[in-house]
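# Commentary on secondary and tertiary structure
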Amino acid sequence: RRWLLGHGRFAARMLMRTAGTKAAMYANGRRLLGPDATDAELHAFGAAVIRNFGHFFVPMLRAPRDYPSAEQLVATMTGREHGEKVLAAGRGMIGLTLHMGCYELAAVLSEQFQPAAVVYRPDPFGLVEKLRSRTRAFAAVGEIHTDNPFFGVEAMALLRHKGSVFAAGDIGFAGEAV
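This is a predicted model, so every value here is computed, not measured. (Residues numbered from 1 in each chain as written. Predicted model: local features only at pLDDT ≥ 70, side-chain atom pairs only at ≥ 80, totals over all residues. Heavy atoms only, no water.)

### A short note on the nonpolar core
Among the nonpolar cores identified, the biggest contains 8 residues, and these are Ala117, Val119, Ile144, Ala155, Leu158, Leu159, Val165 and Ala167. When residues of this core are assigned to their parent elements, the largest contribution, 3 residues, is made by helix H8 (residues 151-160). Each residue touching Ala117, except ones within four places of it in the same chain, is listed here: Val141, Gly142, Glu143, Ile144, Leu158, Ser164, Val165 and Phe166. (Core = buried A, V, L, I, M, F, W, Y, C linked by side-chain atoms within 4.5 Å. Buried < 20%, exposed > 50% of the residue type's maximum accessible area, 1.4 Å probe, protein only. Helix = DSSP H or I, 4+ residues; strand = E, 2+ residues; numbered from the N terminus. Contact = heavy atoms within 4.5 Å.)

In structure tokens form, the structure reads like this:
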């Protein structure tokens with residue numbers, strides 16, 4: 001795993017040097033840090049985003065070998081008692097979180113949330129999306145794509161069948177809500 005993380009850090013540094021990635025990171029940084037952010041602050045922000053993404057991406061490459069047990073993950077969830085109460089009552093559950101990755105782990109790891117689906121917008125980086133889809137498929141977690149104008153209907157159908165729907169709130173590279 002150390003070898004893979006080393007390669008991930010190298011790839012992150014190279015990625016940060018590409019014009020498109022650097023421009024997207026700077027624009028996102030300027031939006032979050034404000035219009036007076038310096039180039040040094042924007043570079044540090046972009047590098048941190050890429051580094052953090054590496055910590056998300058490398059476990060995806062090794063999925064599911066590096067994942068915590070379902071019990072370990074569920075134990076860290078804030079508000080899990082609400083979800084457990086809803087599931088115990090035989091109703092569907094909606095799990096929400098901010099940003100990427102963690103909302104999928106609950107669906108992938110824990111049978112108590114099955115049947116489950118993830119509401120998502122495909123990642124603009126094709127390889128990342130392939131890995132995420134592979135992980136979802138491995139765990140029989142469905143995918144509800146937000147480009148479908150009826151994605152809410154799909155989610156409601158799963159909830160009516162006592163399933164779990166997981167989603168994350170984030171801002172994409174183009175500033176759109178995802």
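### A closer look at helix H7 (residues 126-138)
With 13 residues, H7 should cover 18 Å at 1.5 Å per step; its first-to-last C-alpha distance of 18 Å lies within 8% of that length. Among the residues of H7, Val128, Glu129, Leu131, Arg132, Thr135 and Arg136 are the ones counted as buried. Along the axis of H7, the buried positions cluster into a sector of 160 degrees, meaning they face one direction only. H7 presents Leu127, Lys130, Ala137 and Phe138 as exposed residues on the side facing more than 90 degrees away from its buried surface. Looking one or two residues past H7, Ala140 carries a phi angle of roughly 55 degrees, positive in sign. (Expected span 1.5 Å × (residues − 1). Arc of directions from axis to C-beta.)

### Here's the deal with unusual backbone geometry
In the Ramachandran plot, Lys162 falls in the positive-phi region, its phi being about 65 degrees despite a non-glycine side chain. Mapped onto the fold, Lys162 is located in the loop between H8 and strand S4 (164-169).

### Observations regarding the pattern of salt bridges
In the structure shown here, the tally under the stated rule is 1 salt bridge. Its salt-bridge partner being Arg136, residue Glu143 comes within 2.7 Å of it at the nearest N-O pair. Residue Glu143 is classed as partly exposed on the basis of its relative accessible area of 34%. The buried category is assigned to Arg136, whose relative accessible area is 0%. (Salt bridge = Lys/Arg side-chain N within 4 Å of Asp/Glu carboxyl O.)

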